[in-house]
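In case you want the letters, here they are:
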Amino acid sequence: MTLFRRKKQQNNLDEIATQPSVFDDPDKARYFQPTEKYENLHRFDPSARWTWAEELPLINKLDWKVTMWACVAFFALDLDRGNLSQANTDNFLEDLGLTTNDYNLGNTVSRLAFLCAELPSQLISKKVGPDRWIPTIMCLWSIVAASQFWLNGRATFLTCRALLGLLQGGFIPDIVLYLSYFFKGTELPFRLALFWATLKIVDIIAPILAFGILRLRGHRGKEGWRWLFLIEGVFTLSVGIWSWFMMAPSPTQTKSWYRPKGWFNEREEVIMVNRILRDDPSKGDMHNRQAVDFKQLWKSLCDYDLWPIYIAGLMFGIPVGPPDQYLTLTLRNLGFGTFNSNLLSIPSQVVGVVTMLIMTYLSEVWNERSLMGLFAQVWILPNIIALAVLPSGISPWVKYAVVSVLLAYPYPHAIQVGWCSRNSNTVRARTISAAAYNIFVQVSGIVYSNIYRTDDKPEYRRGNRQLVGVCAANIVIYALMKIYYVWRNKKRDSEWNGMTREQQIHYLETTKDEGNKRKDFRFAH
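Summary of the structure given here. (Residues numbered from 1 in each chain as written. Predicted model: local features only at pLDDT ≥ 70, side-chain atom pairs only at ≥ 80, totals over all residues. Heavy atoms only, no water.)

**Things to note about helix H13 (residues 307–315)**
Piece 1. Residues of H13 that are buried: Pro308, Ile309, Tyr310, Ala312, Gly313 and Met315.
Piece 2. Check the buried side of H13 and you find it contacts helix H20 (413–424), helix H21 (427–448) and helix H22 (461–497). (Buried < 20%, exposed > 50% of the residue type's maximum accessible area, 1.4 Å probe, protein only. Helix = DSSP H or I, 4+ residues; strand = E, 2+ residues; numbered from the N terminus. Contact = heavy atoms within 4.5 Å.)

**Section: the environment of Ile271**
Piece 1. Structurally, the position occupied by Ile271 is in helix H11 (residues 266–279).
Piece 2. For Ile271, a relative accessible area of 1% corresponds to the buried category.
Piece 3. Dropping the residues within four chain positions of it, Ile271 is found in contact with Trp50, Glu54 and Leu58.

**Focus: the nonpolar core**
Piece 1. Counting residues in hydrophobic clusters, the biggest one holds 122 residues, and the most contacted among them are Trp69, Phe92, Phe171, Leu192, Phe195 and Trp196.
Piece 2. For this core, the leading source of residues is helix H3 (residues 52–88), giving 14 residues.
Piece 3. With 13 residues, the next largest nonpolar core counts Tyr38, Phe44, Val273 and Met499 among its residues. (Core = buried A, V, L, I, M, F, W, Y, C linked by side-chain atoms within 4.5 Å.)

**A look at the environment of Ile204**
Piece 1. Structurally, Ile204 is set in helix H9 (residues 188–213).
Piece 2. Remark: the alpha-carbon pair of Ile204 and Ser345, spanning 141 residues in sequence, is separated by 7.5 Å.
Piece 3. Discounting chain neighbours no more than four positions away, the residues touching Ile204 are Ile346, Gln349 and Val350.

**Here we look at the environment of Ser85**
Piece 1. Here Ser85 shows up in helix H3.
Piece 2. For Ser85 and Phe229, which are 144 residues apart along the polypeptide, the C-alpha to C-alpha distance reads 11 Å.

Set out below in structure tokens:
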């Protein structure tokens, strides 16, 4: 996203691209030096300057090497995580003798395991490195996913759901941390939007794959959904093995026995390291394989200035969760067949990708996040109200249209993950906050997995009325978040601007404040 603005503003590619930074002030620069353990320290040079002609192609190279890999890996994650929805259209529940409540329990167990694994997985990743840990968990969960071919009842169903949750739990925060090693804070949200656009792409491609694979029902006497789990699990395993060879520890650690020349030359490494540190000096305060100890963990969890974003992570997805989770079952209840139900789920996902990318782009152009989240809830509200009050005899196509518009809403998750990363302002806090935020998102999934109940089917009017109330509350929550961060910044401005330059230098020299608790830090909102 930042690139689009720069190309518009910078007509001369030979102009200096180096951005102003605290390192340009000799009096302040010495207080922001990277730690001696920082893995890229040998390329740190505050005097380095480079042009747009050097920086823009380098970022494009990063996108091909890092962002593209992240999107493919997320595709593999969500293919295994979401194919239960397609299996449902092939009589999965009936074949295993399961009920809707068993299905809800399976989703709940998976999400509980997922959120329990988030923080431990992130801590392991910080210790051993995302480039080692992510391929490991990818290979492990793909084996479990493929093994669902042999499911035989409720016990094996719930066991596989729990194992998948445990192994997949740390993937998303690990990826967020990994991307932050390569991209600036202003560049990260749009890359995360591309990352989560992959989720929508999976929702488009998965039904098409299921359309073909489920036709294998009867092959070797097995149901179609068994072949779906096996084939997609094997695909994910291949992506996991590929990831071992694709990931690099850091911008200056891309060489290996299978990549002897690395990705970048020395000049490019200097540009990458210094553009990152000039944007956020806090990224040089830890080594990329340095563990976070218990004291640092507790300090990060107690960072109350990030709690509003955690609350947003808990609440924002609840209003759309049940309609999305039950989309294929709802379409079948409306009279559409197995294969038509899968195909009819595609249009809302296509539009959802477009609305998400546009809103994420605008959030950085306008430097606005809380109001973007509020807008997403305003989009959702009238559609949820419609689902709650539409008469029973209405045309299936009318209800399908309402659900499609609802699910095409601009998904604010990428904005909020980038927001959380930016407001953390240290590698230590960023490591924990990425996991903590995603834990709240998973708790949200547990909540909405139990809103649509068997005694409320097939129209789930009681559940939809509950979703209306949650959506209205979310609008208030985002407004309060805006007010809170504006208030915090005004308070900081008053303190910082009330100091003389000598007092500011003395503060930088003596302060024990860290991260977003520093008086010279301002919160994004």
